[in-house]
Amino acid sequence: MAKNVTKYKLEEFDGLRRAGRLAAETLDYITPFVKPGVSTGALDDLLEAFMRQHGGVPATIGYHGYEKASCISPNHVVCHGIPSPTKILQDGDIINIDITVIIDGWYGDTSRMYYVGKPSIKARRLVETTYATMMAGIEQCLPGKTTGDIGHAMQTLAAEYNYSTVLDFCGHGIGRVFHGAPNILNYGTPGTGVKLEPGMVFTVEPMVNVGTYQTLTLSDGWTTITKDRSLSAQFEHMLGITETGYEIFTLSPKGWTYPPYR
């Protein structure tokens, strides 16, 4: 196993379940508020209030100077979109909402795509394929498999639809720390990378672009967009490797997978 990869005892998964469940509940909660005319800043305020009212702390506030409780990334924003009262959702937008909550020292990290009003067929196809891309990676999360198997499965599925997976950002180890080893790349070669073992905990979070994989980070130091301004989508689950497979900690309590959420 690679250096610095933390393995948790299976009884410690209880803490991860609590944090993961609150993160998923938070994304369930925000769903009816995602509609045309609402600002991303207003959504962030609601997300923060919900997390705190349920015993959690937003992990992103104060993280390397970041000031918001979530990242909200519309359309061609790949990740780390900064919520703002001046960023108003428009009919047809697709957005990713990414949150991380801390409960009793445990981190719960997840993100989902949302439709604002009625999206285009092109946008819906991208969102649905991105969810399938994440699940293709998760299906490789078995003891004895490798991180390269995960990345290869995601890159291969996205490519079948002529999409590209982002190379500059990736999933990560998590648990008692926000970001740790191993990195879960959105691409890879089967049989390479870190071997998966019971007790490992990490996120699988592919970012999939309609155009090329290239990205550009804006002058605010956070917001990252597709270089060609093509649409981008992302889903993220946090999971732990068990003796026989994996356990996803961030499943929606309402059973919601990808939009439209009903």
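Above this note sits the structure.
Owing to the predicted nature of the structure, the values given are computational and were not obtained by experimental measurement.

(A) Up close: the packing of helix H3 (residues 121-138) against helix H4 (residues 147-160). Taken N-terminus to C-terminus, the directions of H3 and H4 make an angle of 155°; their axes are 7 Å apart at the nearest point. Considered as vectors, H3 and H4 are oriented roughly antiparallel to each other. Crossing hand, H3 versus H4: right-handed. Contacts from Thr129, Ala132, Thr133, Met134, Ala136 and Gly137 of H3 reach H4 at Ile150, Ala153, Met154, Leu157 and Ala158.

(B) Up close: the packing of helix H1 (residues 13-30) against helix H2 (residues 40-53). At a closest axis distance of 10 Å, the pairing of H1 and H2 adopts a crossing angle of 140°. Considered as vectors, H1 and H2 are oriented oblique to each other. Crossing of H1 over H2 shows right-handed handedness. Residues Leu22, Glu25, Thr26, Tyr29 and Ile30 of H1 form the contact with H2, whose participating residues are Leu43, Leu46, Leu47, Phe50 and Met51. Here the contact of H1 with H2 is composed, by residue class, of eight nonpolar, one polar and one charged.

(C) Structural detail: the sheet that holds strand E12 (residues 224-226). The three strands are arranged E3-E12-E11 in an open sheet whose pairing can be described as antiparallel. The open sheet terminates on both sides in strands that have one partner only, identified here as strand E3 (77-79) and strand E11 (215-217). Geometrically, the sheet is characterised by an average inter-axis angle of 40° between neighbouring strands, direction not taken into account. The pairing of E3 with E12 spans two bridges and is classified as antiparallel. Directly across from Cys79, in E12, lies its bridge partner Thr224.

(D) Representation of H4. For H4, which comprises 14 residues, the first-to-last C-alpha distance of 20 Å matches the rise-based estimate of 20 Å (1.5 Å per residue) to within 8%. Among the residues of H4, Thr147, Gly148, Asp149, Ile150, Gly151, Ala153, Met154, Leu157 and Ala158 are the ones counted as buried. Considering only its buried residues, H4 is in contact with H3, strand E6 (164-165), strand E8 (180-184), strand E9 (201-204) and strand E10 (207-209). Asn162, located one to two residues past H4, shows a positive phi value of around 65°.

(E) View of the layout of surface pockets. Computed from the structure, the largest pocket encloses a volume of approximately 400 Å³. The wall of the largest pocket is formed by 22 residues, among which His80, Asp98, His172, His179 and Glu205 lie closest to the centre. Among the elements that take part in the lining of the largest pocket, strand E4 (residues 94-103) stands out by supplying three residues, more than any other. Here the lining of the largest pocket is composed, by residue class, of eleven nonpolar, six polar and five charged.

(F) Just the sheet that holds E10, in detail. Read across the open sheet, the three strands follow the order E6-E10-E13; overall the sheet is antiparallel. Of all the strands in the sheet, just E6 and strand E13 (232-234) have a single pairing partner and so form its edges. Two elements, E10 and E13, share three bridges in a ladder whose sense is antiparallel. Paired with Asn209 across the strands is Ser232, a residue of E13. Sheet strands in contact with H3 are E10 and E13, and its direction is about 40° off that of E13.

(G) A look at the packing of aromatic side chains. The tally for this structure, following the rule as stated, stands at twelve aromatic pairs. Connected via pairs of aromatic rings, a cluster forms that spans Tyr29, Phe33 and Phe50. The cationic tip of Arg112 hangs over the ring face of Tyr261; the distance from NZ or CZ to the ring centre is 5.9 Å.

Calculation rules
- Note that residues are indexed from 1 along each chain, following the sequence as it is written.
- Only residues with pLDDT of at least 70 are given local features in this predicted model, and only at 80 or more are side-chain atom pairs given and counted; all residues enter the totals for whole chains, interfaces and linings.
- Only hydrogens and water are removed before side-chain values are computed, so all heavy atoms of the structure are retained for them.
- Helix axes are fitted to C-alpha atoms over the stretch in contact, other axes to C-alpha atoms as well, and angles between N-to-C directions run from 0 to 180 degrees.
- Only runs of H or I of at least four residues qualify as helices and only runs of E of at least two qualify as strands under DSSP, and these elements are numbered from the N terminus.
- Our angle categories are set so that under 35 degrees counts as roughly parallel, over 145 as roughly antiparallel, 65 to 115 as roughly perpendicular, and the remainder as oblique.
- Helix crossings fall into two classes, left-handed where the near helix is turned counterclockwise from the far one by less than a right angle and right-handed where it is turned clockwise.
- Working rule for contacts: check all heavy atoms of both residues, and any pair within 4.5 Å makes them a contact.
- In this classification, the charged set is Asp, Glu, Lys and Arg, the nonpolar set is Ala, Val, Leu, Ile, Met, Phe, Trp, Tyr, Cys and Pro, and all remaining amino acids, among them Gly, are polar.
- Here a strand pair is declared whenever DSSP counts at least two bridges between the two strands.
- Helix span, expected: 1.5 Å multiplied by one less than the number of residues in the helix.
- Classification of residues uses two cut-offs on accessible area relative to the type maximum, computed with a 1.4 Å probe and protein chains only: under 20% is buried, over 50% is exposed, and between them is partly exposed.
- Cavities and pockets were defined on a 1 Å grid built over protein atoms only: a cavity is a set of grid points that admits a 1.4 Å probe from which the probe cannot escape, a pocket is an open set flanked by protein on both sides within 12 Å along at least five of seven lines, and lining residues are those with an atom within 4 Å of any such point.
- Grid points are joined across faces, edges and corners, and a volume is the space filled by probe spheres set on the points.
- Any two rings among Phe, Tyr and Trp, with Trp reduced to its six-membered ring, count as a pair given centres within 6.5 Å; such a pair is stacked if its planes are under 30 degrees apart, edge-to-face if over 60, and tilted if neither.
- In this analysis the charged atom, NZ for Lys or CZ for Arg, is taken to sit over a ring once it is within 6 Å of the ring centre and within 35 degrees of the ring normal.

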